[in-house]
Each structure stands twice: as structure tokens, then as C-alpha cells.
Amino acid sequence: MFLIWIASVFACSTADFTLLVPDGSVSAQLGSSAVMPCGVSPPSNAETFEVRWYRNSYNSPVLLYKDLKVEESIGDSQYRGRASLVGDLQKGNVSLKLMNIVVADMGTYVCYVKSVTWYEQAGLNLTVKALGSSPLLSLAEAGDQLNVTCASDGWLPKPTLTWRDKEGNKLTPNHIIYRHDSEGLVSVSSWLLVSPSESEWISCSVGSSDQEIKEARVIPYKGIWRDAFVSTLVLSLIIIITLTVLLLLIRQGLLPHCSSRKNAGAADDFHESTKEETCPLKGSSTESPVAPVNAEERVKTWNKLKTQKKVKLTVDPTTLHEPICGQLNRTEDSFPQVLSKEGFSSGQKYWEVLVDQKKSKKSWCVGVTQKPPSKKTLTALCYEEGSGIYTSTNPRTTIPAEEHFTTLGLLLDFQHKTLSFYNVDKGAHLHTFKMKITSKSKYFAVISPGTKDTFPVSFHK
Ligand SMILES: *[C@@H]1O[C@H](CO)[C@@H](O)[C@H](O)[C@H]1NC(C)=O
Ligand SMILES: *[C@@H]1O[C@H](CO)[C@@H](O)[C@H](O)[C@H]1NC(C)=O
Ligand SMILES: *[C@@H]1O[C@H](CO)[C@@H](O)[C@H](O)[C@H]1NC(C)=O
């Protein structure tokens, strides 16, 4: 009796153990690996134990360690080659490592450990997270308003989508729609009707509180060329009417102070006056604040510079294929690029880039950068089919503009610390960046054809 009692006490005191699974939950990024901790307590050598990790079925384990080795052929084929024991078995560490995590790996895992005389099991949960794409904003006209759509995909868990105005106030969207894709990831889209604006951007941010939040911005500006065209038309009409009235008045001798400046009544006057803005025209032009002043002015400055100060740039072949633009994009080197030999640090510099001679290019990226090129000093406009024209900033701003044109004009202005982009074909201003220029800053032009097609991008000779 006594011996039996001694034996059982001895057996219990050596075999009895519990399992420790800190926190009971593990989260991992999609595609990465995760360690699910599990340890024998008090620590004892587990080399001779059976260690079984399973999910739903005990008989189809994720991993089975038995008879001093991992059983390779048995178990759930979904995990073959992805599961291993990473801990020090001698110290009772039976943690499971899972590689190349997929959405289907999400769930409860059981850590089961058995010695000759004892077994114990403990569960823990694996959650999988995925960081989705940057939101893509698009604009469509809807009557007097604009329909702004925001879409982003590849998220896990389900993200939240928030619209904000420039001041940071939340805007209420008309719809938020969630969808699950075939991989189990969540995509979200939403649209909002807004009044057109020239300067008030709105932003759409997508993300979940415990992950990165991605944001994109857009200025809901109704068709730049159409507005420019309408304002030019209105302005022209006003000029013509004013001049007709002026000519009539001059004919009748009612405007001596103005005619003293010019030869009144001469046929040439019409052209002269349109160019020079004579007195009556100045008066009447205050009635026509139609044009978007900034854009107008920028186009004017540009018109002056493009003829007088155009600089001819040459490619510096030693800078070829350093993919800094690539960091703008998820796929690393989709913007291989090259810098100009010439660098600028003062004045106003204007140059042109042939971005899309066939009007069918699928990607390009053009701007300025410092040397050595880095994402921090890169200021550029990029185009990708499907994404439209957007800024190199983070968050990116989508520029609502015609996507295909031949020549892009760039004006780097060190006095105003701005970099402006123009659609040369249409004579339209596209975007102006404010730059953080210091006295030491030297900028080089940068061009990239992207990798979506083989058409070149080059400096205009
Ligand atoms: C793990 O998930 C299951 C089912 O979703 C839940 O009942 C349990 O409480 C979770 N355990 C922990 C530790 O979070
Ligand atoms: C078990 O091993 C894993 C992987 O080496 C380690 O991360 C974990 O901290 C270990 N746990 C203990 C309790 O030592
Ligand atoms: C706005 O655009 C979305 C698609 O992006 C469309 O489903 C929706 O009906 C549009 N709304 C209006 C009012 O046009």
C-alpha cells in the first residue's frame, strides 16, 4: 500500500503540468509569419512528449510532433511546409510558427501536449490583418454638383471610411458599401455629392484604428478647360462689347481723354486695345470675376516664360534607373527614372516634357528632385491608367484633368517657391506645388515613363 501511494505521488508530481499561452490571441499581417506561443509550466523537457497543434479536427492537425520528430505526412495539407515548432523543446517551449499567413488561417488553434502520464491543452486565436490600397478618388458630374467616389480594397479587418473637408470636419457620405473578395479581403467604396470648388479639397481616409490609415484628397473642380473656355468666352464677349461701345463713343467724340492716348477711330485700334487693356476696358473688367484668378494668372506667367525663358534640358545618363518615383507606388520599381544634367537653384525656370506623344500612354511621372534623389525631395505629378493624374505627395491628391496630352510644361519658381504644371496642348494650368526651398536647395528635373507601356518620355528639345 505504502509503495503504491509513494509511486502515485511521485507520478503525479512529475507528470502534472499546465500550459501557458500568453494573451490567448495573436495577430499577424497577411503574407507574413506568426508565432503562436505555448509553453509547458513549470518548464520541463518536452522532447519526449507529443505536441499536437490542431484547429477543428484533432485527427487532422496543423502539426504533430511525436516519437521525437515532426510527422511530415500526417495533417492538414493546407499547412504543409508552413508550420514548424520554433521553441526550445528542452525548456518546454512548444510554440508554433506559421509562415505565409493567408486569410483562411484565421481562427482558434489548440496547443495539445501529452506526456506518458498527463496531457493538457490550451487554445489561442489567430487574427489576420491586411493593409489595403490607397483610396482612389474619382469625379463625375451630377447636375450642378459633383459625385466624388472613393474606393479602396484589400483590407482586413473591415476598415472604416471617413470623408473630411479641408478643415477636418467629417462629411456624411450618401453610401458606404463593403464587399468581400474571393480571398476574403474587404473592399470599401463610398460616394458623396459636393459643390464644385477651386481650392477646397476633400479627403477620403480608409483604415482601421489599430492599423495604418490611408488617405487621398481631391479638389472637386469642374472641368478645368471647360471653365477656362467659358471664362475666356465671357471675357471675350465683354471685351468685344466694350470695344464696340468705345469705338462708337470715340466716333461720336464723347471720350476725349482716352482718344488722346491713341489715334481714335483707326482700324488698328481694335487689336491694339485688346492687347493693352485701355481705360474703359479696365473699368468694365471689374464686372467679370469669372475666371479662376490663380489659374488665370499662372497661365499668364507661363505664357510669358514659355517663349522667353524656356530651358533645354539633357538627360544625365549616370542617373538612369534609380527608382525613387517607384516608392510612390506599391510595386517598387514601376517608375524607373532619369534626372537632368542641369540643376537649378534660383530664378524662374521653365521646361517642357513630351509625356504622351501617341496620346495613349498608360503611365508617366514628371517633376523635380534634389540629389541624391529621394522620396522626401521629390515633387512630381504622375499618371497611371485607372488612377488618373496625381501628386507625389502622401497622401496623394488626384488632379481632375484630361489624362492624355502631348506636352507637359513645368515652371519652377524660386521666388515664389512654387512648382507649377501645365497642359501645354490646351494652355491650361494643372497644379501648383508649394515647395520648401532653402538657399542651398538645388533641383534637377526628373522624368519617368513608368513601366505600363514602352512609349518614351523625353525633354522637349
Ligand atoms: C477566441 O475566439 C473564440 C471564438 O471566436 C472566442 O469564443 C474566444 O473567447 C476567443 N479567445 C480569446 C482568448 O480571445
Ligand atoms: C518560445 O520560443 C519562441 C520562439 O523562439 C519565443 O518567441 C518565445 O518567447 C519562447 N517562450 C518562452 C516562454 O520562452
Ligand atoms: C455617384 O457615383 C456612383 C458610382 O461611383 C454611383 O453608383 C452613384 O449612383 C452616383 N450618384 C449620383 C447621384 O449620380
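Every residue gets a number counted from 1 within its own chain, in the order that chain's sequence is written. Here chains are named by letter from A upward and ligands by number from 1 upward, in the order in which they appear as written. Per-residue local features of the predicted model are confined to residues with pLDDT of at least 70, and side-chain atom pairs are confined, for both listing and counting, to 80 or more; whole-chain, interface and lining totals are unaffected and use all residues. Hydrogens and water are ignored here; the side-chain numbers use all heavy atoms of the structure.

1. Observations regarding the pairing of strand β10 (residues 107-114)
Here is step 1 of the chain: With respect to burial, β10 is a largely interior element, six of its eight residues being buried.
Here is step 2 of the chain: By definition, two strands form a pair when at least two bridges between them are found by DSSP. Only runs of H or I of at least four residues qualify as helices and only runs of E of at least two qualify as strands under DSSP, and these elements are numbered from the N terminus. Taken together, the eight bridges between β10 and strand β11 (residues 119-129) define a ladder with antiparallel strand orientation. Across the sheet, the residue bridging to Y109 is L124, located in β11.
Here is step 3 of the chain: Two successive antiparallel strands, β10 and β11, enclose a turn made up of four residues. Burial classes: relative accessible area under 20% of the type maximum marks a residue as buried, over 50% as exposed, and values in between as partly exposed (1.4 Å probe, protein chains only).

2. A closer look at the pattern of salt bridges
Here is step 1 of the chain: The term salt bridge refers to a pairing of a side-chain nitrogen on Lys or Arg with a carboxyl oxygen on Asp or Glu at a separation within 4 Å. Taken as a whole and judged by the stated rule, the model has ten salt bridges.
Here is step 2 of the chain: The salt bridge involving D316 is made with K371; its shortest N-O contact spans 3.5 Å. In this pair, D316 sits in strand β20 (residues 315-316) while K371 sits in the loop between β23 (363-369) and β24 (379-384), placing the two residues 55 residues apart along the sequence.
Here is step 3 of the chain: One salt bridge in this structure joins K452 and E384, with 3.6 Å as the shortest N-O distance. Linking K452 in the loop between β30 (443-448) and β31 (458-459) with E384 in strand β24, this pair joins segments that are 68 residues apart in sequence.
Here is step 4 of the chain: Here K452 falls in the partly exposed class, since its relative accessible area comes to 41%.
Here is step 5 of the chain: A relative accessible area of 7% means that E384 is categorised as buried.

3. Description of the site of ligand 1
Here is step 1 of the chain: The full set of residues close to ligand 1 is G24, T108 and N125.
Here is step 2 of the chain: As used in this structure description, the phrase polar contact means that two N or O atoms lie within 3.5 Å; if the pair is within protein, one of them must be able to donate a hydrogen and the other to accept it, and residues adjacent in sequence are counted only when both atoms belong to side chains. One of the side-chain N or O atoms of N125 is found 2.4 Å from an oxygen atom in ligand 1.
Here is step 3 of the chain: Shrake-Rupley sampling with a 1.4 Å probe provides the accessible areas, and residues are treated as covered by the protein chains on show and by no other component. Contact with the protein chains removes 27% of the 360 Å² of surface that ligand 1 exposes when unbound. Residues are labelled near a given molecule or strand when at least one of their non-hydrogen atoms is within 4 Å of it.

4. Structural notes on the nonpolar core
Here is step 1 of the chain: Counting residues in hydrophobic clusters, the biggest one holds 34 residues, and the most contacted among them are M36, W53 and L126.
Here is step 2 of the chain: Of the residues forming this core, the biggest block, four residues, is contributed by β11.
Here is step 3 of the chain: When residues of this core are assigned to domains, at least three fall in each of domain 1 (16-129) and domain 2 (136-222).
Here is step 4 of the chain: The nonpolar core is taken to be a set of buried Ala, Val, Leu, Ile, Met, Phe, Trp, Tyr and Cys residues, with the residues joined through side-chain atoms within 4.5 Å. Within the second largest apolar cluster, 30 residues are counted, among which are Y383, I389, Y443 and V457. Where each domain begins and ends follows an automated or database-derived domain assignment.

5. Points about the sheet that holds strand β9 (residues 96-98)
Here is step 1 of the chain: A sheet is described by the order of its strands in space; here three strands give the open sequence β3-β9-β8, paired in antiparallel fashion. Each of the sheet's edge strands pairs with one partner strand only, and the pair in question is β3 (34-36) and β8 (83-85). With direction set aside, neighbouring strand axes in the sheet form an average angle of 25°.
Here is step 2 of the chain: Alignment of β8 against β9, held across three bridges, turns out to be antiparallel. Bridging across to β9, S84 finds its partner in K97. Axes here refer to lines fitted to C-alpha atoms; in helices the fit is confined to the stretch in contact. Angles between the N-to-C directions go from 0 to 180 degrees.

6. Considerations on the confidence of the model for the protein chain
Here is step 1 of the chain: Note: pLDDT gives the predictor's confidence per residue, expressed from 0 to 100. On average, residues of the protein chain carry a pLDDT of 79, and 78% of them reach 70 or more.
Here is step 2 of the chain: Taking the mean pLDDT of every element in the protein chain, the minimum, 29, falls on helix α5 (residues 279-285) and the maximum, 97, on β9.
Here is step 3 of the chain: By definition, residues are in contact when any of their heavy atoms lie within 4.5 Å. The model gives residues 1-13 a pLDDT under 50, and that stretch makes zero contacts with residues more than four places away or in other chains.
Here is step 4 of the chain: This stretch, residues 255-293, has a pLDDT under 50; its non-local contacts, to residues over four places away or in other chains, come to 41 contacts.

7. Notes on the sheet that holds β30
Here is step 1 of the chain: Spatially, the eleven strands line up as an open sheet ordered β15-β14-β18-β19-β26-β25-β24-β23-β30-β21-β20, and their pairing is mixed. At either end of the open sheet lies a strand with only one pairing partner, and these are β15 (170-171) and β20.
Here is step 2 of the chain: Examined bridge by bridge, β24 and strand β25 (residues 388-391) share four bridges and lie antiparallel to one another. Residue pairing for β25: Y383 is matched across the bridge by I389.

8. Re the state of the cysteines
Here is step 1 of the chain: Cysteine sulfur atoms are paired as a disulfide whenever they come within 2.5 Å of each other. By the definition in use, this model includes three disulfides.
Here is step 2 of the chain: Each sulfur in the disulfide pair C38 and C111 lies 2.0 Å from the other. Residues C38 and C111 are joined through a disulfide that is left-handed, its torsion about the S-S bond being -80°. Of this pair, C38 sits in the loop between β3 and β4 (39-41) while C111 sits in strand β10, and the two are 73 residues apart along the sequence. The pair C38 / C111 is uniform in exposure class, with both members buried.

9. What about the site of ligand 2?
Here is step 1 of the chain: Around ligand 2, the structure places V86, G87, N93 and S95.
Here is step 2 of the chain: A distance of 2.3 Å is found between an oxygen atom of ligand 2 and a side-chain nitrogen or oxygen belonging to N93.
Here is step 3 of the chain: For ligand 2, the protein covers 35% of the area, taking 360 Å² as the surface of the free molecule.
Here is step 4 of the chain: When grouped by side-chain class, the residues that make up the shell around ligand 2 number one nonpolar, three polar and no charged. As a working rule, the residues Ala, Val, Leu, Ile, Met, Phe, Trp, Tyr, Cys and Pro are called nonpolar, Asp, Glu, Lys and Arg charged, and the rest polar, with Gly in that last group.

10. Notes on unusual backbone geometry
Here is step 1 of the chain: In this chain, S41 is followed by P42 through a cis amide linkage whose omega measures -5°.
Here is step 2 of the chain: For P42, the position within the fold is in the loop between β4 and β5 (50-54).
Here is step 3 of the chain: Cis rather than trans, the peptide bond between L156 and P157 has omega equal to -5°.
Here is step 4 of the chain: Backbone geometry places D67, a non-glycine residue, at a positive phi of 55°.
Here is step 5 of the chain: Counting through the fold element by element, D67 comes out in the loop between β6 (63-66) and β7 (69-70).
Here is step 6 of the chain: Looking at D67, the relative accessible area reads 57%, which means it is exposed.
Here is step 7 of the chain: For L68, which is not glycine, the phi dihedral falls at a positive 70°.
Here is step 8 of the chain: On the accessibility criterion, L68 (58% relative accessible area) is exposed.

11. Here we look at the pairing of β30
Here is step 1 of the chain: Of all the six residues making up β30, six are buried; the element is thus mostly covered by neighbouring parts of the structure.
Here is step 2 of the chain: Because side chains alternate across β30, one face comprises the buried residues Y443, A445 and I447, and the other comprises F444, V446 and S448, equally buried.
Here is step 3 of the chain: Summarising the sheet, strand β21 (residues 338-344) and β30 pair through four bridges and their orientation is antiparallel. If you follow F344 over to β30, its bridge partner there is Y443.
Here is step 4 of the chain: For β23 and β30, the ladder comprises five bridges, and the chain directions are antiparallel. Of the residues in β30, the one forming a bridge with T369 is F444.

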